[in-house]
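Structural characterization, general
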Amino acid sequence: MQTVNLIPGQLTLDQLRQIGAAPVEVSLPEDAWQQVRHSHDSLKAVVQRGAPAYGINTGFGKLAKTQVDNADLSTLQHNLIRSHAAGVGQPLELGITRLIMVLKLLSLARGYSGVRPEVIEHFISMLSHDILPVIPEKGSVGASGDLAPLAHLSLALIGEGEVFFRGERLSAARALQSIGLNALVLEAKEGLALLNGTQVSAALAIGGLFAAEHNLANAIVVGAMSVDAALGSYVPFDARIHEARGQSGQTRVAKMYRALLNDSELNQSHANCDRVQDPYCLRCQPQVLGACLDQLEHGAQILLREANAVSDNPILCPKTGEVLSGGNFHAEPVALVADNIALAIAETGSLSERRIAMLIDASISELPPFLTRNAGLESGFMVAHVTAAALASENKSLAHPASVDSLPTSANQEDHVSMATFAARRLHDMNENTLQILAVEYLAASQGISLRRPLSSSTDVESAHKLLRAHVPEYTQDRVFYPDIEKAASIIRQGQLVALLPKQPLDTNTSKD
């Protein structure tokens, strides 16, 4: 298990990748612990003064005017967690849950929430043993914090609810006992600090961002294969075209295509052909995928800020000890970028589906109909394309913006919500659809290249072709298709294709600023 040294407010994309990928131990610097202790001292002073302070000695939401006696402040926090643990649906993936825990402890460690160091220590201990709370995927509207899912997260800290531990789903009490960790007894404000926050929405969106980046990288490699399979021109990737426009993502994506497509016999074979222009799905790949890259980079910047943010409410001003009530729990920034990421995912898949349609159309690709030598007797890639079309269409529906929807909650106290949690959660299904579309294109482009033999493609395209052929033979006659899609999808999922690119599309040094 690797150790990630965390500095509150300075989390990086690379660290987020690492945390989501595998179990980790985490550590905080001493100055962060000092800030947490100072913040807790400020909270104790507020409690001693006795003046009403939201969530510290009052009820919540519409019940904020009800003041609670100091003797009941711990009960108030436990009641909050238990009553708010009302999520439904399948548990979140373990990598996402791990991200949520790290984002939550880092927010608390900024020193604006007033919690004791023990609360953060519990997170660190659970992470070091990879004890991950069972968090249902549905039940948050992305405002006033991801209340229901974070309540399920918090149940585990107090020894209630369920967790995943050592491959089992078991009670949190049993898991904590097995590592010698006592259930946390909450004090003033700690339950509210645990529940208020955008960590669930942010973690889901970050997971969707990384998967979208992975698909985009694979789309570039597979799209390059389709260019040579269809005897497409390399001119549309000329640097001068893209420099004239000046769009950053477009320019960089075109450069990737130039690196993949060079010294190809297939390209040289049609140097003097009479085709004037290729279909948009080939020649506009830098423009479309470059625009998608720009959206992902914007999303990365916003989400990295949110991963480093304090989204608690109220917050304790570290310098003055004032209790400031605001709305940092509102996840609108996450909702909007998740909607934009969804558009990029849908467009990546849509363009891939169009390339498949082009490859099987003999009038455009000049390949045998449906990529089979015995069209009519055999159907070839006919229905594999139908599958890709179905997935692309489904993504169009899923890409509808979630952020424009809002339903008031808490007796109209919370009258505008972000729907960020769903906006981010649906990215998983969309990314999976796009990956499967790319798997079909990978098969089709490889078949097209096989049908062009003895001519060869560029070094990198031939490497991609060879990688597939180690698992999927050329189609010489119709056979059961779905196992081949699964094998191609597995190659894509494992990152073997993107290794042909010099680096991932996203700049991993993206600043939180």
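First, a word on what this report is: a plain description of the structure on this page. Please read these numbers as outputs of a predicted model, since none were measured by experiment.

Overview of the state of the cysteines
Counted according to the given criterion, the structure contains zero disulfides. Here cysteine 292 stays unpaired: no disulfide links it, and the sulfur of cysteine 284, its closest cysteine neighbor, is 13 Å away.

As for the side chain of glutamate 378
Tracing the sequence through the fold places glutamate 378 in the loop between helix H16 (362–365) and helix H17 (382–398). With near-sequence residues (within four places) excluded, glutamate 378 lies in contact with Thr372, Thr476, Gln477 and Asp478.

Things to note about helix H4 (residues 94–108)
Compared with the 21 Å implied by 1.5 Å per residue over 15 residues, the 21 Å span of H4 between its first and last C-alpha is a close match. Judged by how many residues are buried, H4 sits mostly within the fold: 14 of 15 residues are covered.

A few points about the packing of aromatic side chains
For the coordinates displayed, the defined rule picks out four aromatic pairs. Ring centres of phenylalanine 381 and phenylalanine 481 lie 4.9 Å apart, and the angle between their planes is 85°; this geometry places the pair in the edge-to-face category. Highlighted residues: phenylalanine 381 in the loop between H16 and H17 and phenylalanine 481 in the loop between helix H19 (459–469) and helix H20 (482–493), separated in sequence by 100 residues. Across this residue pair, the class does not change: phenylalanine 381 and phenylalanine 481 are buried. With 5.1 Å between their ring centres and 15° between their planes, tyrosine 475 and phenylalanine 481 make a pair best called stacked.

Examining the sheet that holds strand E6 (residues 162–165)
Within the open sheet, the three strands sit side by side as E4-E6-E7. Their pairing is antiparallel. Both edges of this open sheet fall to strand E4 (132–133) and strand E7 (168–171), since each of them pairs with a single strand only. The sheet contact formed by E4 and E6 spans two bridges and is antiparallel. Looking at the pairing, leucine 132 lines up with phenylalanine 164 of E6.

Things to note about the environment of serine 450
Looking at the element boundaries, serine 450 is found in helix H18 (residues 420–451). Serine 450 sits in the buried class, given a relative accessible area of 6%. Between the alpha carbons of serine 450 and alanine 259 there is a distance of 22 Å; along the sequence they are 191 residues apart. In contact with serine 450, not counting residues within four places along its chain, are Arg373, His465, Arg469 and Glu474.

Some details on the side chain of histidine 270
Its place among the elements puts histidine 270 in the loop between helix H12 (265–268) and helix H13 (280–283). Of the residues examined, histidine 270 reaches a relative accessible area of 11% and is grouped as buried. At 3.4 Å, the side chain of histidine 270 forms a polar contact with the backbone oxygen of leucine 231. Looking at histidine 270, its side chain comes within polar contact range of the main-chain oxygen of glycine 232, at 3.5 Å. Residue contacts for histidine 270: discarding those within four places in its chain leaves Leu231, Gly232 and Ser233.

Parameters at a glance
- Residues numbered from 1 in each chain as written.
- Predicted model: local features only at pLDDT ≥ 70, side-chain atom pairs only at ≥ 80, totals over all residues.
- Heavy atoms only, no water.
- Disulfide = S-S within 2.5 Å.
- Helix = DSSP H or I, 4+ residues; strand = E, 2+ residues; numbered from the N terminus.
- Contact = heavy atoms within 4.5 Å.
- Expected span 1.5 Å × (residues − 1).
- Buried < 20%, exposed > 50% of the residue type's maximum accessible area, 1.4 Å probe, protein only.
- Phe/Tyr/Trp six-rings, centres within 6.5 Å; stacked < 30°, edge-to-face > 60°.
- Pairing = 2+ DSSP bridges.
- Polar contact = N/O pair within 3.5 Å; in protein donor to acceptor, adjacent residues only side chain to side chain.

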